[in-house]
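Each chain is listed here by its residues.
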Amino acid sequence: MPHIKLINIVGARPQIIKASAISRAIRNYYSKDITEIIVHTGQHYDKEMSEVFFDELEIHKPHYNLGVGSAGHGRQTSMMITGIEEVLIKEKPDCVVLYGDTNSTLAGALAASKLHFPVIHIEAGLRSFNKIMPEELNRIMSDHSSTLLFAPTNAAFKNLMGEGFRPENSPPYTINNPKIYLTGDIMYDNTLFFAELAEKKKAGFLEKMSLVRNNYVLVTIHRDSNTDDIERLKEIFVTLKVLAEEKDIVLVMPLHPRTVIILRNKLKNLYDDLTHCVHVKIIPPVSYLEMILLEKNCRMIVTDSGGVQKESHFFKRPCIVLRNETEWIELVNNGTAKLVGADPARIRHEFLYFVDAHSDLEYPGFYGDGKTAEFILNEILMMFEKE
Ligand code: UD1
Ligand code: UDP
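Okay, so let's go over this structure.

Quick notes on the rules
Residues numbered from 1 in each chain as written. Chains lettered and ligands numbered in written order. Predicted model: local features only at pLDDT ≥ 70, side-chain atom pairs only at ≥ 80, totals over all residues. Heavy atoms only, no water. Helix = DSSP H or I, 4+ residues; strand = E, 2+ residues; numbered from the N terminus. Rg over C-alpha atoms; globule rule 2.2 N^0.38 Å. Buried < 20%, exposed > 50% of the residue type's maximum accessible area, 1.4 Å probe, protein only. Areas by Shrake-Rupley, 256 points an atom, 1.4 Å probe, with all protein chains shown as cover. Lys, Arg positive; Asp, Glu negative; His and termini not counted. Charge placed at Lys NZ, Arg CZ, Asp CG, Glu CD. Near = heavy atom within 4 Å. Polar contact = N/O pair within 3.5 Å; in protein donor to acceptor, adjacent residues only side chain to side chain. Nonpolar A, V, L, I, M, F, W, Y, C, P; charged D, E, K, R; others polar. Axes fitted to C-alpha atoms, helices over the stretch in contact; angles between N-to-C directions. Parallel < 35°, antiparallel > 145°, perpendicular 65-115°, else oblique. Left-handed = near helix turned anticlockwise from the far one by under 90°. Contact = heavy atoms within 4.5 Å. Pairing = 2+ DSSP bridges. Right-handed = clockwise from strand over helix to strand, strands pointing away.

Describing the overall build of the protein
Next up, step 1: A tally of regular secondary structure across the protein gives 17 helices and 13 strands.
Next up, step 2: In terms of overall dimensions, the protein is globule-like: its C-alpha atoms have a radius of gyration of 21 Å, near the 21 Å expected for 387 residues.
Next up, step 3: Along the three orthogonal principal directions, the C-alpha set of the protein runs to about 65 × 45 × 40 Å.
Next up, step 4: Residues classed as buried in the protein amount to 59% of the 387 residues present.
Next up, step 5: Accessible surface computed for the protein: about 15900 Å², of which carbon and sulfur atoms make up 52%.
Next up, step 6: Positive and negative side-chain charges in the protein, numbering 44 and 51 respectively, have mean positions lying 2 Å apart.

Given below as structure tokens:
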């Protein structure tokens, strides 16, 4: 088998978590075949949004950190493209691996494909069919710049077929002759790997936060569709607070800095109110192992996050999704995730339903066998073997 040099591009929190599954599989099974170089765009930079994951998930520190930071979409993406291009010219990798749908993903896809480095897109084919979302544009453009596309669900695979990708293409694979695969989800690999470890390594975490197992609701909110519409954001928080008081249950909210900045600056009275409410615990972003504990032991989850929606399923917890549509449509079809937008009546209805235990809810295995990273790496290596 030829030895290959692979560049892993990360930037936002969920990508660091996803990349850890690939890094771990390289370390455990392919260290003789693959040299991994990690490029961090610097899209996320607070310790609790970035460094904590490298430490906790035992990923190699980034070989390059472009330090791009926060900016408008165009400026941020263009600075990333410039930085990634320089690294690619210097390192001349065999391929570039991208995760998900952030601006870091798009920048990696454009920089690599224009220099003719094969792009491998992990979490390909997901679609919300709402191009107002920056992530939807990032997904479509990244997929159409890729050579190998790994779709994590049936729905994602079908979406790629609908856009003209064909699974029967034969090698050699190129951007003009891409190959699509139906795989599992590498986030599920991580959950299986870390769920037990989290209990051991973070023993006492819930108690320290005065949380009673199965007696709190986990809430995360960060999507621009919610945070950047002040009235909508206000309505979500007020509705949830009233419900928590009414049902006498605690809401634990590890909030993304984006949301806290907006609450502090634009909804100061509400923010003060929330921080003084005994039923609401606003806390800084937590580490991945802490998040696993929060997810594993909560009554239910309320979120607009893609990753947290799926993790609710991994831990068999019902999920209220603060969005009008989702890429993880199998969760909604399964009845264990409910799309409520930001509509107070819909939030109330689903919250009151899920807050009571329902023994009839089922959580089928939609996301593979926990060995998706190994499958992906094997296919990447095969691509070079066949050349
Ligand atoms: C990005 C992704 C989104 C993903 C999310 C994961 C895009 C377009 N969006 O959204 O798909 O779900 O990451 O968390 O790429 N900030 C800090 N510290 C940080 C990082 C951000 O304070 O370390 C604040 C800044 O005020 C910044 C804002 O958060 O302007 C938004 O950050 P940005 O990276 O632009 O987008 P996210 O909302 O994090
Ligand atoms: N996460 C975390 N700490 C937090 C919030 C989320 O470790 O305080 C993890 C979560 O478990 C999941 C990932 O971050 O694995 C999801 O990232 P995020 O919600 O930021 O982005 P999205 O998935 O919506 O793109």
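From this point on, the discussion continues.
Topic: the site of ligand 1
Next up, step 1: In the neighbourhood of ligand 1, 20 residues make up the surrounding shell, with His44, Glu135, His222, His256 and Arg258 lying closest.
Next up, step 2: The separation between an oxygen atom of ligand 1 and a polar side-chain atom of Gln43 is 2.9 Å.
Next up, step 3: Here an oxygen atom of ligand 1 and a side-chain polar atom of His44 are 2.6 Å apart.
Next up, step 4: Coverage of ligand 1 by the protein amounts to 86% of the 750 Å² it exposes when considered alone.
Next up, step 5: For the shell around ligand 1, the secondary-structure elements that each account for two or more residues are helix 3 (73-91) and helix 11 (257-266).

Brief notes about the site of ligand 2
Next up, step 1: Contacts to ligand 2 come from 19 residues, most closely from Val286, Ser305, Gly306, Gly307 and Glu311.
Next up, step 2: Between ligand 2 and the protein, one listed contact pairs a nitrogen atom with a backbone N or O atom of Val286 at 2.8 Å.
Next up, step 3: Interatomic distance of 2.7 Å between a side-chain N/O atom of Ser305 and an oxygen atom of ligand 2.
Next up, step 4: Taking 530 Å² as the accessible area of ligand 2 by itself, protein coverage stands at 96%.
Next up, step 5: Those elements that place two or more of their residues in the shell around ligand 2 are helix 1 (13-29), helix 13 (288-297) and helix 14 (306-314).
Next up, step 6: Per-element tally for the shell around ligand 2: the top contributor is helix 14, with 4 residues.
Next up, step 7: Along the lines of polarity and charge, the residues of the shell around ligand 2 split into 10 nonpolar, 5 polar and 4 charged.

Some points on the packing of helix 7 (residues 186-201) against helix 14
Next up, step 1: Between helix 7 and helix 14, whose axes approach to 11 Å, the crossing angle comes to 50 degrees. Of the possible angle classes, the one that applies to helix 7 and helix 14 is oblique. The hand of the helix 7/helix 14 crossing is right-handed. Residue-level inspection shows Met187, Tyr188 and Thr191 of helix 7 in contact with helix 14, the latter providing Gly307, Lys310, Glu311 and Phe314.
Next up, step 2: Of the residues in the contact of helix 7 with helix 14, the class split is 3 nonpolar, 2 polar and 2 charged.

Looking at the side chain of Thr147
Next up, step 1: Structurally, Thr147 can be placed in the loop between helix 5 (134-143) and strand 6 (148-151).
Next up, step 2: At 3.3 Å, the side chain of Thr147 forms a polar contact with the backbone nitrogen of Ile175.
Next up, step 3: Setting aside residues no more than four positions away along its own chain, Thr147 makes contact with Pro118, Val119, Tyr173, Thr174, Ile175, Pro178, Lys179 and Met383.

Focus: the packing of helix 10 (residues 230-247) against helix 12 (residues 268-275)
Next up, step 1: Viewed as axis vectors pointing N to C, helix 10 and helix 12 meet at an angle of 25 degrees, and their least axial separation amounts to 11 Å. As the angle between them shows, helix 10 and helix 12 are arranged roughly parallel. Considering the relative orientation of helix 10 and helix 12, their crossing is left-handed. From helix 10, Lys234, Phe237, Val238 and Lys241 reach across to helix 12, where they touch Leu270, Asp273 and Leu274.
Next up, step 2: Looking at the contact of helix 10 with helix 12 residue by residue, the classes come out as 4 nonpolar, no polar and 3 charged.

Some remarks on the sheet that holds strand 13 (residues 337-339)
The strands that make up a sheet pair up through hydrogen bonds in the backbone, lying either parallel or antiparallel.
Next up, step 1: Strand order in this open sheet of 6 strands is 10-9-8-11-12-13, and the pairing throughout is parallel. With partners counted over all chains shown, the strands left at the sheet margins are strand 10 (280-283) and strand 13, one partner each. Between one strand axis and the next, the sheet turns through 20 degrees on average, direction left out of account.
Next up, step 2: Where strand 11 (residues 300-303) lies against strand 12 (residues 319-321), 3 bridges are found, and the strand directions are parallel. Residue pairing for strand 12: Ile301 is matched across the bridge by Cys319.
Next up, step 3: Relative to strand 9 (residues 250-254), helix 10 is tilted by about 145 degrees, and along the sheet it contacts strand 8 (216-220), strand 9, strand 10 and strand 11.
Next up, step 4: In the packing of helix 13 onto the sheet, the strands contacted are strand 8, strand 9 and strand 11, and the crossing angle to strand 8 comes to about 130 degrees.

Quick look at the pairing of strand 5 (residues 119-122)
Next up, step 1: Burial along strand 5 is two-sided: the face carrying Val119 and His121 and the face carrying Ile120 and Ile122 are both buried.
Next up, step 2: Of the strand pairs in this sheet, strand 4 (residues 95-99) and strand 5 are connected by 4 bridges, and their pairing is parallel. Considered in strand 5, the bridge of Val97 is made with Ile120.
Next up, step 3: Following the chain from strand 4 across helix 4 (residues 103-114) to the adjacent parallel strand 5, one finds a crossover that is right-handed.
Next up, step 4: Both strand 5 and strand 6 contribute to a ladder of 3 bridges, which runs parallel. Bridge pairing in strand 6 links Ile122 to Phe150.
Next up, step 5: Traced from strand 5 through helix 5 to strand 6, the parallel crossover comes out right-handed.

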